[in-house]
Structure formats: structure tokens, C-alpha cells
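Residue strings, one per chain:
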Number of protein chains: 2
Amino acid sequence: MDIKNKSITSRDEDFAQWYTDVCKKAELMDYSEVKGFIIYRPYGYAIWEQIQNYLNKEFKKTGHENVYLPLVINESLFQKEKDHISGFAPECLVATIGGTEKLEDRLIIRPTSECLFTEHYKHIISSYRDLPKLYNQWCSVVRWEKTTRPFLRGSEFLWQEGHTMHSSEEEARHEAIQMLDIYDKMGKELLAVPFVKGKKTDKEKFAGAKETYSIEALMHDGKALQSGTTHYFGQDFAKAFGVQYLDKDGKIKNPHQTSWGVSTRLIGSIIMVHGDDNGLVLPPFVAPIQAVIVPIQMQKEGVLAKARELKALLEEKDIRVKLDESDKTPGWKFSEYEMKGVPLRIEVGPRDLQNGVVTICKRNDGKKETLKIEEVADEVVRLLGVIHEEMYQAAVLNLSKNIKEAHNLEELEAIVSKGGYAKVMWCGDRACEDKVKEMFNATSRCMPFAQVKIDEKCAICGKEAKYLVLFAKAY
Amino acid sequence: MDIKNKSITSRDEDFAQWYTDVCKKAELMDYSEVKGFIIYRPYGYAIWEQIQNYLNKEFKKTGHENVYLPLVINESLFQKEKDHISGFAPECLVATIGGTEKLEDRLIIRPTSECLFTEHYKHIISSYRDLPKLYNQWCSVVRWEKTTRPFLRGSEFLWQEGHTMHSSEEEARHEAIQMLDIYDKMGKELLAVPFVKGKKTDKEKFAGAKETYSIEALMHDGKALQSGTTHYFGQDFAKAFGVQYLDKDGKIKNPHQTSWGVSTRLIGSIIMVHGDDNGLVLPPFVAPIQAVIVPIQMQKEGVLAKARELKALLEEKDIRVKLDESDKTPGWKFSEYEMKGVPLRIEVGPRDLQNGVVTICKRNDGKKETLKIEEVADEVVRLLGVIHEEMYQAAVLNLSKNIKEAHNLEELEAIVSKGGYAKVMWCGDRACEDKVKEMFNATSRCMPFAQVKIDEKCAICGKEAKYLVLFAKAY
């Protein structure tokens, strides 16, 4: 069915509907027969592949190795770490029939793989020589969700999960921060999305973790989106699973553990940070198509030939370029590739060709310029860098404008209800977090690493303040 | 636990045990808590990543796009194509509980994704302009198996599955053959494994397919291993799922469909075709480590420095090289990397260094030579090509030696019981296939594309012969 070139809802009219329109009409995804399980269409999956390529290089540089562990966890194994099971049990998909038989030990489709990795590590770690173990896996996980939204919250999503074991607490804690920094760098270099980095409160941390760190992104509607997390587990899993090693000093010890992950949720973040009323706006380095060539009056002599020549020139520069030779009208193609957020459009028409030029248009701000054909390839390379920087700076500006200090509940409400982060001092009591959630439906996103004391008192209860924390409504 | 450097069973003494030893001791895999679900360890997974890189390039060249479809199929959807469901129902893992609730429509963990792709195609195909659709997905599938063996037969395995829709039968049939040829080329160029290509008999073809084609490899023990299949479906799935498009001629039509896949089974094929009594022998282009540098008398001045220098030189040539600086003995390292099948070992020792040379050893035949240090990088590049060709030719020779003609049951038995392919004329009746299975536990592997008439009569029943077919015992 041709769902293209239908107008989409404007962002400010109905942001949720705008988001769904973009997901569908930019052909990033489609719904399947099973609620919460989406289809990643070629254009959406290609974005994920760009993210995979970026992270695989970073993971390798930092000594990590890819592995693949089973899709299923037998229930008895899953129950070894109590906090962990209590956190995940309510959202597990459980297999009870294998072939023709009822399973004695039911199988949980992995919601996350701490149990599987820790059990495996028990078998392959016995000496300090075996440490550190730095494994990562790319896979899908299943969490049975009541309300789902494409990329943001699904019953199945794609992600990478790193699981590491270390001989010292220092090293493990360093790993958890190092991986958070890699995610943050990806935001800056690939997604053009600035993140707030910080530590989660006890209420918000991962089931079974000692510490959880996160990167939080701010969407166009002022809501926060947790875009990645890293966890320091201490030795709890290792003890629960009996992972031990003989250290240099001849003593038997439990290793220190971390895990960390980002998911296809990042695609949601790209959409909601950069998109506009014409659809998707993709940062150049993550864009499956970086430049699209649209021939004008294709039938005119020389147009198609020149367009193909141009395509070859751009490919020589490793630019991901598409030439649309279909019989659709130029107008159709313009809005189609606008909808798909292609960073650059190059128009090749007979009039321009007579003057030896082409017209190039930037998706992020619609600016057009005329280029000599011999300059195009180099200029496209330059413009992709420019567009990335412009998109990143725009997002940085929006973020900084929307982090505001609040010193009491009234100010806090004013900020989070309008959209954005309320920066407040907090006493550290969960009761205050619960109160904010209850009153304003906002949650503590993180305690930024840069802790400054902006007040003596907790903005919620007035008791002595301990931490600077960011509250926001969140996805 | 240190499982290294323990001797392994010899191939001729107990091939099955030899295989398991290699899988474990080369650290390709480990067992998980759930029978039939293995752990792909870094060294084994890296082989799979090499296969993925090779195929992704080939798939892209031929216009295919990667996608990701759901892990689960609701039972009602799965039952739409009758032959298909009857083929797979007995080996499905079924989820019946989601979160806290019992599922009304039970979910089958995908054993293969024809149903999912066809249903998706129904939603995105409406015009001849939408064809062809050439999708591929990398994922894991689950088939509940009674007897499992690492890589060869598992309840979960990794694979790629291509699913395509075409406007004409010719185009779809061409696709099925084209993809088989790509698999065959991968055997020649990457795995150093020669395949027999052919068409499956009706008895052996895929549930729901009109035609199934396969690549068959011959293992060291004389058993065949089906290493990949491609299928032409005709319009049956399209009709069952209601996939229709408006053709140029204004008529509503059903598209013609194919699917095709290879799995981590290929790793088993590499092991059993090339391995020897010292362990794994990896073809150079699929080897995660192509050359390992082992320093001799590391503490001696200059040794480690020179070894690192050499490593840098090889990396400049994009050779996947490892320098083992661990405190293990050279002897330990020699057998470790032999076990792991690393194609080239480079020994860097003080005596050689005085003469400005190093010693290089080929894993496939143990031949050693001394090289001037300045020649090493170029020579390693050359030797990797030589080793690949030697391994491929050895496998070709073994294959050709073990395809023998049989003109009656006695000859057929003699061949398949000794190991290898019996090349026989066959009447085309399933009864004859069943008889061979029953009498000799051998199955028809394929009807080679090169059909020659070596006899007038069926070697099994004596009736008029129709096809040349290969019988063998198989994994």
C-alpha cells in the first residue's frame, strides 16, 4: 500500500501521533501480528547496523569480544539472584511446551542475560589469569509489556549487552564508567544527541545492581528518554552463582562484575530529538542514505547520464548515495526523501547542467546552494560534517535551555509540566521520589556526575539536601 | 578451568568424540544449562562473524536488504500454510505465559520465518512496482530436537534466512539457484569446502516448498552434511496468506516466493572437513586469527620488541594477527594454537634474530621455513593464499575419491557403509528411498545438477531409472 506522501500530524499538535506517523511513513518499522513485536524494515534496520558498526569498533578498541549465549534461561537458574528475579519475573515470556512435551523446568525467554553470563563465567574462570573477561553480545530480548511503542518500549527489542568480570572493584567500576563514556561519545559523534550522564537513584537502578549509570536524552516534547545504562554489580551475582578464582596471592576470590547495554530505543531518540513536521531528520553519519540524487526531467538528454556519473563520484568518496531513477515525479521524490530524513538532496536538471552546476539541499534547514559539478563530491563530504555539527549544536542548545533549577515543589512542577529537567537538591529519601511521581508523574532521571550544591534543603521535603538530581517526565 | 593441552581423541579411533573434543578444547563453544542450547564462545562466534561479513557483501551485491522480524509467531498465523505447519509443529518451542497471564493465542518461537515474512509482504506489496522484494535476516531460530550436537543439530542455532517475492516464476527460480551458487562460492573462497550442488527429492524437500536445492559437504568420516538450502515456493504461501499485487497488465496476481539459508552448521562442516588429530585446522580467510606470533625466550633482550614490531607490520597488511605475550611456555603456546587451528605460527627467538630471520610454520601440513624479517609480511600474505588453496584442493580430492557409482543394492551398501556418496540411478519412487534408509541408514542427499545416465535401471528396484541421485549416510 502506498503510504507515502500523505501528510503527517504536526509535532506540536500531537507529538505521539507525529512519532507514530514518522515511524510508519519513513518505513522504519511495521507492526506484526503480535502486539509489541515490531518488524524492523530495511531503512530502520540499516540505522541499527550503523550503530552496531560504530560500537563494535569501540568495543574492540577497549578489548571486548563478541559472543552469543542462549535465547532461553531455565527457571531454576533464573531464580538464583533474588533481587534480579523479583525485578524481572513480572515481565517474562515463558515457554512451557517443547515439541510434544510439557517442560519440567520452564524456559524463560531472556529479558537480559546476567544469569546466563554469570553461569558461563563460572565454568571458564578459575584463575586470575582468566580475568578480566570482557564479553558483549548482540541479540534481541523479550520483556512482556502492557503498553508498547515502536522502538521506545516493546515486548521484543534489539540490543547489545556487555557482561564483564574483573579481579578488582576499581577495575570493574572503571569499566562501568568507561562504557557509559563510549555511549556518550556515540551520541556526540554518531547520533548528534547530547546526553546527560549520571548515576541512578536506588529506586531507579537495575534489579540486582550496586550502581546503575545512565545516559538521558531530552526529546522535542520535553520528555526524557533513558538511552543507555551501565551497571556495577559488585560480587553479588558471582557469589550467588559460585564464580570463584584463585588469585596471585593464593586466595580464592569472587570477581567483580558489570553489565551495560543500549538498544534500538536509540532509534526512537534520533527520531524525537531531530525530527520535524516533514518527517525524519537523520544525522549524516548514522543515515543509511547520506545523499539522494533526484534527476529532473529524466527523459532530457544527458540528465540520467550525469546523475549516474555523480553517483559514481560520491561512491568513490564512500558516501552512501542513492539515485532514484523511478518513474515517480521529482515532487514525489522530494517529499519522500524529506520524510526519510536523507541529509542531502542533489537535484540534477537540464537547465543546471547547461551551466555545469547542480542544486544541493540540506534536510536539516532546507538551505539550498548551487555547486559546480566538479566540486560536488568534496562539498558533499564537507556538508555532511557541517550538518552533523549543526544538528548536534541545535540539540545541545535545546538541552541547555531546558534544564532549570527548582528550589521547591511549585518550581519543580512548573518545570516538569512544561517539559524539561528540573534540577533540584534532594535528601536521598525514596519517599520524596515517590511524591514527585505521584504529584507530577515525573521521575528522577539521574544524579549528574557534576554535583553542585544549589541549595541547602531538599526541594521536596525541606530536609537537609544530599544530592543534586534531575527530575523529568520520561518515556 | 584449564582444559587446554590435554590430548584429544584421534579421528579414526572415535570421530564423534574427536569432534566434541575439538569443539570444547578449541574453545569454539560450551554447553549451557539447557540441553541443545549452546554458548558460542568468542573464538567460535568470530568464525560466524567472518561468514556474516562475506555473505552480507554478496547479498548486497545482489540487491538484498537486511531486516529483522519478530522472534515469535502466533499459532493462528503459523497454521495458515498446511504443509509447512505439519512439517514444523513437532519441533516447536511454545510460549504460553506472558508476564502474569496465560496467552490466548500461544506463541511459537520461530523455527523459520516464512509465515512472518509472507504476512509482512502482504502489507507492503500492492503493485508490480513493489517487486521484487529481496529481504534477508540474521537471527537465531529454535527447533526442539531430541538428539543434539554442537553446531550440527541444536535446539537453537544462528543462521541467515533470505525471503524474497518476485513477479515471475522465472525470476524466483533464478533467485533460488543464484543464492545456491553464492553459498557454493563461499565454500570455495572462504571455507575451503567443496560442495555438491543439487535438487532435493520430494521426500527430503522443505515443508511447503515446490523445490529445495542444497549444498552437501563430505566430512572426514565419509558422512554427508547438508550445509545450506534454497527453496522455490511457487505461489502457495502467497495464496494462503493473500499476498497480491496489481500487475502492469491491470491484473491482480500472487507473487512467486523463495527462501534460502545457511547456519552455524557451517562451523561444524569446517571442523569435520579440515580438522586433524592435533585439533582444528582453519581455512585462512575464515580464521579469526590468521597468524600467531610466539616469542621464544621472551626475557632475552630484543625478542619482545621485535615480536611487537612484526605484529605491527602484519596488521598494516590487514592480517588478523595475535602476539601471545603470556607467561606460558612456547611449547604450551605451540599446541594451543595448533588446537585452535591458526593457519600460521611465527616463532621469534634470539638465535634467529641474530641472523635477522624468523621461523614460520604452516598449520595445514606442519611445513616450516625460515624467512628474512623484511620478507615476513609479504610472505605471510602469500602463504595464507597458498594454505587456502592447498586445503581446498585436498578437500576436492577427498570428495572426488569418495563419489562412487553403484548399480545395485550390494554396491550401494558397500559404498555408503564405508563412507562416501553412492551415485545411483533412481526410478523416482519414495519407496526406494525408504528402503535404502531402512536397510543402510542412508538418505538421498541430492540429485546433482549435472544429470548423466549411468544406467537404464533403478539401482534399488530395477524399474526404469529417471534420475541420477547421491545416497550417503548423513548428519
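Caption draft 1: Region of interest: the overall build of chain A. Summing up its helical and strand segments, chain A has 14 helices and 23 strands in all. By its C-alpha atoms, chain A is 80 × 55 × 50 Å across when sized along the principal axes. Partitioning the intrachain contacts of chain A with sequence separation of at least 6 by distance along the chain shows that 69% fall at a separation of at least 24. By element, 48% of the accessible surface of chain A is carried by carbon and sulfur atoms, the whole surface being about 18,500 Å².

Caption draft 2: A look at the interface of chain B and chain A. Listed per partner, the contact involves 54 residues of chain B and 55 residues of chain A. Carbon and sulfur atoms make up 60% of the area that chain B and chain A hide from each other, which totals about 4,700 Å². Summed over the shared surface of chain B and chain A, the result is 4 salt bridges. Measuring nitrogen to oxygen at the nearest pair gives 3.3 Å for the salt bridge that ties Arg129(A) to Asp327(B). Joining chain B to chain A, the criterion identifies 19 residue pairs in polar contact (both at pLDDT 80 or more). No other element matches strand β5 (residues 93-98) of chain B, which puts 6 residues into the side of chain B that touches chain A.

Caption draft 3: Inspection of unusual backbone geometry at higher detail. The omega angle of the peptide bond from Leu131(A) to Pro132(A) is -5°, so this bond is cis rather than trans. If you trace the backbone, Pro132(A) turns up in the loop between α5 (114-124) and β7 (133-142). Not every positive phi belongs to a glycine, and Glu27(B) is a case in point at roughly 60°. Given the relative accessible area of 14%, Glu27(B) is considered buried. Phi at Asn441(B) takes a positive value of approximately 55°, unusual for a residue other than glycine.

Caption draft 4: The arrangement of the pairing of strand β10 (residues 211-218) of chain A in detail. Residue and element names in this part refer to chain A. With respect to burial, β10 is a largely interior element, 8 of its 8 residues being buried. Side-chain alternation along β10 places Glu211, Tyr213, Ile215 and Ala217 on one buried face and Thr212, Ser214, Glu216 and Leu218 on a second face that is also buried. With 4 bridges joining them, strand β9 (residues 196-199) and β10 adopt antiparallel strand pairing. When the sheet's bridge partners are listed, Lys197 is paired in β10 with Ile215. Direction of pairing for β10 relative to strand β11 (residues 224-234): antiparallel, over a ladder of 8 bridges. Its bridge partner lying in β11, Ser214 is registered against Thr229. Between the end of β10 and the start of β11, which pair antiparallel, lie 5 residues, with Gly222 showing a positive phi angle near 85°.

Caption draft 5: The packing of helix α1 (residues 15-25) of chain B against helix α8 (residues 265-274) of chain B, seen in detail. All names here are of chain B. Across the interface, α1 lies against α8 with an axial gap of 11 Å and an inter-helix angle of 120°. Looking at the two axes, α1 sits oblique to α8. Both α1 and α8 take part in a crossing whose hand is right-handed. Within the contact between the two elements, α1 uses Phe15, Trp18, Tyr19, Val22 and Cys23 and α8 uses Gly268, Ile271 and Met272. Looking at the contact of α1 with α8 residue by residue, the classes come out as 7 nonpolar, 1 polar and no charged.

Caption draft 6: Up close: the relation of the copies chain B and chain A. Turning chain B through 180° and shifting it by 0.0 Å along the axis lays it on chain A, with an RMSD of 0.0 Å. Here the copies are linked by what is in effect a two-fold axis. Of every C-alpha in chain B, the one belonging to Ala95(B) sits nearest the axis of rotation, 1.9 Å from it. Most of the interface of chain B is mirrored in chain A, where 100% of its interface residues are also at the interface.

Caption draft 7: Structural view of helix α6 (residues 169-191) of chain B. All names here are of chain B. Along its 23 residues, α6 runs 32 Å from first to last C-alpha, staying within 8% of the 33 Å computed at 1.5 Å per residue. The complete set of buried residues in α6 reads Ala172, Glu175, Ala176, Met179, Leu180, Ile182, Tyr183, Met186, Gly187, Leu190 and Leu191. One or two steps after α6, the chain reaches Ala192, where phi turns positive at roughly 55°.

Caption draft 8: Region of interest: the sheet that holds strand β18 (residues 357-362) of chain A. Residues and elements named next belong to chain A. In space, the 5 strands of this open sheet follow the order β16-β15-β17-β18-β19, with mixed pairing throughout. Each having just a single partner strand, β16 (321-323) and β19 (368-372) make up the two edges of the open sheet. Each strand axis lies, on average, 25° off the axis of its neighbour in the sheet, ignoring direction. Pairing of strand β17 (residues 344-348) with β18, which is carried by 4 bridges, proceeds in the antiparallel orientation. Across the sheet, Glu347 pairs through a bridge with Thr359, a residue of β18.

Caption draft 9: Spatial organisation of the confidence of the model for chain A. All names here are of chain A. Of the residues in chain A, 99% reach a pLDDT of 70 or more, and the chain-wide mean stands at 96. Here residues 1-5 scores under 50 on pLDDT; set against residues more than four positions off or in separate chains, the count is 12 contacts. ipTM for the predicted complex: 0.96, alongside a pTM of 0.96.

Caption draft 10: Main features of the side chain of Thr112(B). Residue and element names in this part refer to chain B. Relative to the assigned elements, Thr112 resides in the loop between β6 (101-109) and α5 (114-124). Given a relative accessible area of 2%, Thr112 falls into the buried group. In this structure the side chain of Thr112 is engaged in a polar contact, spanning 2.6 Å, whose partner is the side chain of Glu114.

Caption draft 11: Representation of the sheet that holds strand β20 (residues 403-405) of chain A. Residue and element names in this part refer to chain A. In spatial order, the strands read β3-β7-β8-β14-β11-β10-β9-β22-β23-β21-β20; together these 11 strands make up an open sheet with mixed pairing. Edge positions in the sheet fall to β3 (65-66) and β20, since each of these pairs with one other strand and no more. Across the sheet, helix α6 (residues 169-191) is in contact with β7, β8 (156-166), β9, β10, β11 and β14 (256-263); its angle to β14 comes to roughly 10°.

Caption draft 12: Region of interest: the state of the cysteines. All names here are of chain A. Applying the stated criterion across every chain yields a total of 0 disulfides over all chains. Counting only cysteine sulfurs, Cys115 is the nearest neighbor of Cys92, a cysteine outside any disulfide, at a range of 9.6 Å. Residue Cys92 is classed as buried on the basis of its relative accessible area, which comes to 3%.

Reading the values: rules and limits
- Residues numbered from 1 in each chain as written.
- Chains lettered and ligands numbered in written order.
- Predicted model: local features only at pLDDT ≥ 70, side-chain atom pairs only at ≥ 80, totals over all residues.
- Heavy atoms only, no water.
- Helix = DSSP H or I, 4+ residues; strand = E, 2+ residues; numbered from the N terminus.
- Contact = heavy atoms within 4.5 Å.
- Areas by Shrake-Rupley, 256 points an atom, 1.4 Å probe, with all protein chains shown as cover.
- Buried area = accessible area lost by both parts, 1.4 Å probe.
- Salt bridge = Lys/Arg side-chain N within 4 Å of Asp/Glu carboxyl O.
- Polar contact = N/O pair within 3.5 Å; in protein donor to acceptor, adjacent residues only side chain to side chain.
- Buried < 20%, exposed > 50% of the residue type's maximum accessible area, 1.4 Å probe, protein only.
- Pairing = 2+ DSSP bridges.
- Axes fitted to C-alpha atoms, helices over the stretch in contact; angles between N-to-C directions.
- Parallel < 35°, antiparallel > 145°, perpendicular 65-115°, else oblique.
- Left-handed = near helix turned anticlockwise from the far one by under 90°.
- Nonpolar A, V, L, I, M, F, W, Y, C, P; charged D, E, K, R; others polar.
- Least-squares fit on C-alpha atoms with pLDDT ≥ 70 in both.
- Expected span 1.5 Å × (residues − 1).
- pLDDT = per-residue confidence, 0-100.
- Disulfide = S-S within 2.5 Å.

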